[in-house]
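Now for the letters of each chain:
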Amino acid sequence: MGCCSDDKFGNSHELPNVEVSIQSFALAKHPVSEKEFAEFLGQDSENPTLPLVNVSWHEASDYCHWLGDESGETYRLPTESEWEYACRAGTTTPFPSGFMSSPEQANCYYDEMGNRIGVGKRLPRSWGQPNPFGLHDMLGNVCEWVEDDWVPDFENLDPEGAAQRSTTEMKVIRGGGWDSMPRLARSSFRDFLSPSSRRDNLGFRVAKDL
């Protein structure tokens, strides 16, 4: 967990490197779609493949509880450790693809020089190749809420990957969005927002214990 030593984009929020033993869990192959969330709201949507955005952490959590009631299973947001494990998919480099990424590997708008190289909008789920674990859009397209409260580093990270808790009201977001630079779409990049925040590049995916 955390940025590798030769990651030129790494920062103190992604340190220290720690070893985590992830417990068995399942993670959705895709972020929740607009249509799936509309069903939760009792509304109609014509976008069954477009990933949901403009959703708060509270709404994402409520969706997980609703999905659990509908299915008879227990769904939740992934923890930050689970999310990074799933994103890395066995890799140890800054990006699953190596030391740099491209628009074909993650839907980002700018390169590191600030040049516009992406499409500048969300793309349908499954638009590109999945990572080695078979998961789509872990980086790029939409950022994702996770369960954890924000803490400034990994100094006291739970060794079994439980969600981090703190006195702050902020919640962690992971991955990069369609309007990001590649440095914001690395496996270890992390940021935070108020749980009531909504952004046009921010969604979520669901997890459950096995």
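For the structure, check the block above.
These numbers were taken from a predicted model, which means no experiment stands behind them. Here the residue numbering is sequential within each chain, running from 1 through the sequence in written order. Local features are withheld for residues below a pLDDT of 70 in this predicted model, meaning they are given only at 70 or higher, and side-chain atom pairs are given and counted only at 80 or more; totals for whole chains, interfaces and linings count all residues. Side-chain metrics in this entry use all non-hydrogen atoms of the structure; hydrogen atoms and water are not considered.

Novice: Could you clarify how one ought to interpret the overall build of the protein in this entry?
Specialist: Where helices and strands are cited, they refer to DSSP runs of H or I of at least four residues and of E of at least two residues respectively, numbered from the N terminus. A count of helices and strands for the protein gives three helices and six strands. Its helices and strands taken in sequence order, the protein reads β-α-α-α-β-β-β-β-β from the N to the C terminus. Restricting the calculation to C-alpha atoms gives the radius of gyration, and the globule rule supplies 2.2 Å times the number of residues raised to the power 0.38. For 210 residues, the compact-globule estimate of 2.2 N^0.38 gives 17 Å, and the C-alpha radius of gyration of the protein, at 16 Å, lies within 12% of that figure. Dimensions of the protein along its principal axes, counting C-alpha atoms only, are 50 × 40 × 30 Å. Across the 210 residues that make up the protein, the buried fraction comes to 51%. Considering only contacts within the protein whose residues lie at least 6 apart along the sequence, 70% involve residues at least 24 apart. Areas reported as accessible are Shrake-Rupley estimates using a 1.4 Å probe. Residue values count occlusion only from the protein chains shown. Of the roughly 10100 Å² of accessible surface on the protein, 48% is carried by carbon and sulfur atoms. If you average the places of the 19 positive and of the 34 negative side-chain charges in the protein, the two averages end up 4 Å apart. The buried label goes to any residue with under 20% of its type's maximum accessible area, the exposed label to any with over 50%, and the partly exposed label to all in between, with areas taken from a 1.4 Å probe on protein chains only. Residue contacts are counted whenever heavy atoms from the two residues lie within 4.5 Å of one another. Counted as positive: Lys and Arg. Counted as negative: Asp and Glu, with His and the chain ends omitted from the count. To locate a charge, take NZ of a lysine, CZ of an arginine, CG of an aspartate or CD of a glutamate.

Novice: Hey, could you run me through the sheet that holds strand 3 (residues 171-174) in this one?
Specialist: If you trace the four strands from one edge of the open sheet to the other, you get 4-3-2-5, paired in mixed fashion. Looking at strand neighbours, the two that pair on one side only are strand 4 (190-193) and strand 5 (202-203), the edges of this open sheet. Strand pairing is defined by DSSP finding a minimum of two bridges between the two strands. As judged from the two bridges shared by strand 2 (residues 143-149) and strand 5, these two strands associate in the parallel manner. When the sheet's bridge partners are listed, Glu144 is paired in strand 5 with Gly203.

Novice: How should I be thinking about the pairing of strand 2 in this particular structure?
Specialist: Side-chain direction in a regular strand flips from residue to residue, so the side chains alternate between the two faces of the sheet. Where burial is concerned, most of strand 2 is hidden: seven out of the seven residues are buried. Two elements, strand 2 and strand 3, share three bridges in a ladder whose sense is antiparallel. The partner of Asp149 across the bridge, within strand 3, is Lys171.

Novice: Help me understand the pattern of salt bridges in this model?
Specialist: Pairing is possible between side chains of opposite charge, provided their charged atoms come close. Think of a salt bridge as a Lys or Arg side-chain nitrogen and an Asp or Glu carboxyl oxygen that are within 4 Å of each other. A complete count under the given rule lists 17 salt bridges for this structure. In this structure, Glu36 and Arg125 form a salt bridge, with 3.3 Å as the shortest nitrogen-oxygen distance. Of this pair, Glu36 sits in helix 1 (residues 34-41) while Arg125 sits in the loop between helix 3 (80-88) and strand 2, and the two are 89 residues apart along the sequence. On the basis of relative accessible area, Glu36 is assigned to the partly exposed category, the value being 28%.

Novice: In this structure, what is going on with the packing of aromatic side chains? I would like to understand it.
Specialist: To describe a pair of aromatic rings, you give the distance between the ring centres and the angle between the ring planes. Stacked, tilted and edge-to-face pairs are distinguished by plane angle, under 30 degrees for stacked and over 60 for edge-to-face with tilted covering the rest, among Phe, Tyr and Trp rings (Trp via its six-membered ring) whose centres lie within 6.5 Å. Under the criterion given, the structure shown has eleven aromatic pairs. On the numbers, 5.6 Å between centres and 70° between planes, the contact of Tyr63 with Phe204 is edge-to-face. Within this pair, whereas Tyr63 is found in helix 2 (residues 57-71), its partner Phe204 is found in the loop between strand 5 and strand 6 (207-209), the two being separated by 141 residues in sequence. Residue Tyr63 is classed as buried on the basis of its relative accessible area of 4%. Phe204 gets classed as buried once you look at its relative accessible area, which sits at 0%.

Novice: What should I look at first to understand helix 3 in this one?
Specialist: An α-helix turns once per 3.6 residues; consequently, residues spaced three or four apart project the same way. Judged by how many residues are buried, helix 3 sits mostly within the fold: eight of nine residues are covered. Within the sequence span of helix 3, burial applies to Glu80, Ser81, Glu82, Trp83, Glu84, Ala86, Cys87 and Arg88. Looking at the packing, one finds that the buried side of helix 3 touches strand 1 (25-27), strand 2, strand 3 and strand 4.

Novice: Sorry if this is basic, but what is going on with helix 2 here?
Specialist: For helix 2, spanning 15 residues, the distance from its first C-alpha to its last is 21 Å, which sits close to the expected 21 Å at 1.5 Å a residue. Within the sequence span of helix 2, burial applies to Trp57, Ala60, Ser61, Tyr63, Cys64, Leu67 and Gly68. Each buried residue of helix 2 lies within a common arc of 155° when the element is viewed along its axis, so the set occupies one face. Exposed residues on helix 2 whose side chains face more than 90 degrees from its buried face are Asp69 and Glu70. Buried residues along helix 2 sit in contact with helix 1, strand 2 and strand 3. Count one or two residues on from helix 2 and you reach Gly72, which has phi positive near 80°. Residue count minus one, scaled by 1.5 Å, sets the expected span of a helix. Working note: the arc is built from the helix axis to C-beta atom directions.

Honestly, it's all geometry; don't read function into it.
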